[in-house]
Amino acid sequence: SRADALLVPSMKLSVIIPVYNEAATIGGILRLVDQVEIDKEIIVVDDFSTDGTREVLKDLAASFSNLRVFYHERNMGKGRALRTGFAEASGDYVIVQDADLEYDPQDYPKLLHPLEQGKADAVYGSRFLSTQEHRVLYFWHSIGNRVLTLLSNMTTDLNLSDMETCYKVFRRELIQSIPLEEDRFGFEPEITSKLARAGARIYE
């Protein structure tokens with residue numbers, strides 16, 4: 001397919017999935033990620049779930065040969081879970097994947113294309129730039145995202161449409177070289193600001 005043709009066969013992707021109380025969806029997202037025809041490792045970081053997610057992960061671990069699971073011994077936040085995953089990544093590129101089934105892993109080839117072309121250091125999968133069918137977002141949620149993106153753009157001098165998007169892909173060497181500090185949902189503006197300061201080439 002055209003999507004497959006976008007990728008270099010030797011490329012490896014690290015998929016980082018931060019998890020907190022996602023027992024109902026974690027199995028589904030793992031299966032969807034595993035179905036993407038890209039050489040990959042899947043790194044799940046459970047941030048001390050209390051709804052049975054940890055038990056589900058332990059049951060699923062044997063079903064995926066490319067899955068590694070890390071368990072935080074206390075709840076430390078999404079940002080901290082991502083830092084754990086980034087440190088363990090070994091692929092050429094690193095992508096963040098939420099576990100709630102909102103985002104479609106079949107979009108990976110499109111997200112990776114600017115990186116594989118050598119044009120980008122990081123790619124943001126905007127929910128607001130689309131020429132094809134897409135899920136309708138909640139109005140006030142989208143307004144909040146746009147306001148946060150505007151504030152981020154004002155401080156970074158970037159022109160992003162969706163700073164808060166889950167789908168962010170980085171060259172592994174780049175994301176592992178940036179000192180990250182935010183433990184919770186401040187990760188999104190922090191990484192955007194530090195990418196801008198590093199002069200990274202960012203695509204949407």
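Higher on the page you've got the structure.
Residues numbered from 1 in each chain as written. Predicted model: local features only at pLDDT ≥ 70, side-chain atom pairs only at ≥ 80, totals over all residues. Heavy atoms only, no water.

Trainee: Can you explain the overall build of the chain? Please cite residues and give values.
Mentor: Counting its secondary structure elements, the chain contains eight helices and seven strands. For the chain, contacts bridging at least 24 residues in sequence account for 77% of all contacts bridging at least 6. (Helix = DSSP H or I, 4+ residues; strand = E, 2+ residues; numbered from the N terminus. Contact = heavy atoms within 4.5 Å.)

Trainee: Go over the nonpolar core, please, and point to the residues and values.
Mentor: Core analysis: the biggest nonpolar cluster contains 53 residues, and Ile17, Leu30, Phe86, Tyr108 and Leu195 have the highest contact counts within it. If you tally residues by element for this core, the top one is strand E1 (residues 13-19), at five residues. Beyond its immediate chain neighbours, meaning those up to four positions away, Tyr108 contacts Leu13, Val15, Val33, Val36, Ile38, Ile95, Gln97 and Tyr167. (Core = buried A, V, L, I, M, F, W, Y, C linked by side-chain atoms within 4.5 Å. Buried < 20%, exposed > 50% of the residue type's maximum accessible area, 1.4 Å probe, protein only.)

Trainee: Tell me about the sheet that holds strand E5 (residues 122-124), residues and numbers included.
Mentor: What links the strands of a sheet is backbone hydrogen bonding, and the strands pair in either a parallel or an antiparallel sense. Taken together, seven strands build an open sheet; the order of strands is E3-E2-E1-E4-E6-E5-E7 and the sheet is mixed. Two strands close off the open sheet at either side, each with one partner strand: strand E3 (67-71) and strand E7 (202-203). Those strands touched by helix H2 (residues 26-35) are E1, strand E2 (40-46) and E3, and its axis lies near 165° from that of E2. (Pairing = 2+ DSSP bridges. Axes fitted to C-alpha atoms, helices over the stretch in contact; angles between N-to-C directions.)

Trainee: Explain the environment of Gly125 residue by residue, including any values.
Mentor: On the secondary structure map, Gly125 appears in the loop between E5 and helix H6 (139-156). C-alpha separation for the pair Gly125 and Val169, spaced 44 residues apart in sequence, amounts to 8.3 Å.

Trainee: So what's going on with the packing of aromatic side chains? Residues and values would help.
Mentor: Per the stated rule, a full pass over the model turns up four aromatic pairs. Both rings, one in Phe86 and one in Phe187, keep their centres 6.0 Å apart while their planes meet at 45°; by these two values the pair is tilted. Separated by 101 residues along the polypeptide, Phe86 in helix H4 (residues 78-88) and Phe187 in helix H8 (residues 187-197) bring together distant segments of the chain. The class of Phe187 is buried, set by a relative accessible area of 3%. Ring-pair connections join several aromatic residues into one group, and the members of that group are Phe86, Phe170 and Phe187. (Phe/Tyr/Trp six-rings, centres within 6.5 Å; stacked < 30°, edge-to-face > 60°.)

Trainee: Could you give an account of the layout of surface pockets, naming the residues involved and the relevant values?
Mentor: In this model, the second largest pocket occupies a volume close to 470 Å³. Lining the second largest pocket are 23 residues, and of these Glu22, Lys78, Asp98, Asp100 and Phe185 lie nearest its centre. (1 Å grid on protein atoms, 1.4 Å probe; cavity = no way out; pocket = protein on both sides within 12 Å on 5 of 7 lines; lining within 4 Å. Points joined across faces, edges and corners; volume = space filled by probe spheres on them.)

Trainee: Tell me about H4, and name the residues and values.
Mentor: All buried positions along H4 are accounted for by Lys78, Gly79, Ala81, Leu82, Gly85 and Phe86. The arc that holds the buried residues of H4, viewed along the axis, is 155°, so those residues lie on one side. Here the buried face of H4 lies against E1, E2, strand E4 (93-96), strand E6 (168-171), helix H7 (172-177) and H8. (Arc of directions from axis to C-beta.)

Trainee: So what's going on with the environment of Glu37? Which residues, and what values?
Mentor: In this structure, Glu37 sits in the loop between H2 and E2. Overall, the relative accessible area of 66% leaves Glu37 in the exposed class. Put simply, Glu37 and Gln106 are 69 residues apart on the chain and 8.8 Å apart in space, counted from C-alpha to C-alpha.

Trainee: A description of the pattern of salt bridges should follow, citing residues and the corresponding values.
Mentor: Here the structure, examined in full by the defined rule, presents 13 salt bridges. Where Asp183 meets Arg83, a salt bridge forms, and the shortest distance between an N and an O atom there is 3.1 Å. Residue Asp183 is located in the loop between H7 and H8, and its partner Arg83 is located in helix H4; the two are separated by 100 residues in the primary sequence. (Salt bridge = Lys/Arg side-chain N within 4 Å of Asp/Glu carboxyl O.)

Trainee: So what about unusual backbone geometry? Which residues, and what values?
Mentor: For Phe48, which is not glycine, the phi dihedral falls at a positive 60°. Structurally, the position occupied by Phe48 is in the loop between E2 and helix H3 (53-60). Residue Phe48 is classed as partly exposed on the basis of its relative accessible area, which comes to 33%. A positive phi angle is found at Leu101, which is not glycine, with a value near 70°. Tracing the sequence through the fold places Leu101 in the loop between E4 and helix H5 (108-116).

Trainee: I'd like a description of the side chain of Glu41, backed by residues and values.
Mentor: Structurally, Glu41 can be placed in strand E2. On the accessibility criterion, Glu41 (7% relative accessible area) is buried. Among the polar contacts listed, one links the side chain of Glu41 to the side chain of Ser14, at a separation of 2.5 Å. (Polar contact = N/O pair within 3.5 Å; in protein donor to acceptor, adjacent residues only side chain to side chain.)

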